[in-house]
Amino acid sequence: MKVVFESLENNKAKLVPDDKSDEIILTKDKLPDDCKIGDVLEIEPTVIDGDNKLFIRVLRAETQKRLQNNKKRREKLLKRKH
């Protein structure tokens, strides 16, 4: 599942899924160390030795792609004539 790291408050990270499902709240220590607000993450639930774990990785290319698309949309809106 792809999610966007939206905010961090009191050591709680708010993640918003692409599929418009309910937001996910995790403690900051469960996220990768190099993760920052705005990053696109991939979450994969896994079972290790009988324990449910979340494997979370940062998708840098996807983050950059989305930032570029948003920039193009903003530029297009600014160039519109009113």
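Above: the structure in question.
Residues numbered from 1 in each chain as written. Predicted model: local features only at pLDDT ≥ 70, side-chain atom pairs only at ≥ 80, totals over all residues. Heavy atoms only, no water.

(A) A look at the sheet that holds strand β1 (residues 2-9). Within the open sheet, the five strands sit side by side as β3-β2-β1-β4-β5. Their pairing is antiparallel. Two strands bound the open sheet, and with one partner strand each, they are β3 (24-27) and β5 (51-58). Between one strand axis and the next, the sheet turns through 40° on average, direction left out of account. Bridging between β1 and strand β4 (residues 40-48) involves three bridges; their strand directions are antiparallel. The residue bridging Val3 from the neighbouring strand is Leu41, located in β4. (Pairing = 2+ DSSP bridges. Helix = DSSP H or I, 4+ residues; strand = E, 2+ residues; numbered from the N terminus. Axes fitted to C-alpha atoms, helices over the stretch in contact; angles between N-to-C directions.)

(B) Seen up close, the nonpolar core. Core analysis: the largest hydrophobic core is formed by eleven residues, namely Val3, Phe5, Ala13, Leu15, Leu26, Leu31, Cys35, Leu41, Ile43, Ile56 and Val58. Taken together, the elements giving at least two residues each to this core come down to β1, β2 (12-17), β4 and β5. In this structure, Ile56 is in contact with Leu26, Lys30, Leu31, Pro32, Leu41, Glu42 and Ile43, ignoring residues within four places of it in sequence. (Core = buried A, V, L, I, M, F, W, Y, C linked by side-chain atoms within 4.5 Å. Buried < 20%, exposed > 50% of the residue type's maximum accessible area, 1.4 Å probe, protein only. Contact = heavy atoms within 4.5 Å.)

So yeah, pure geometry; function would need other evidence.
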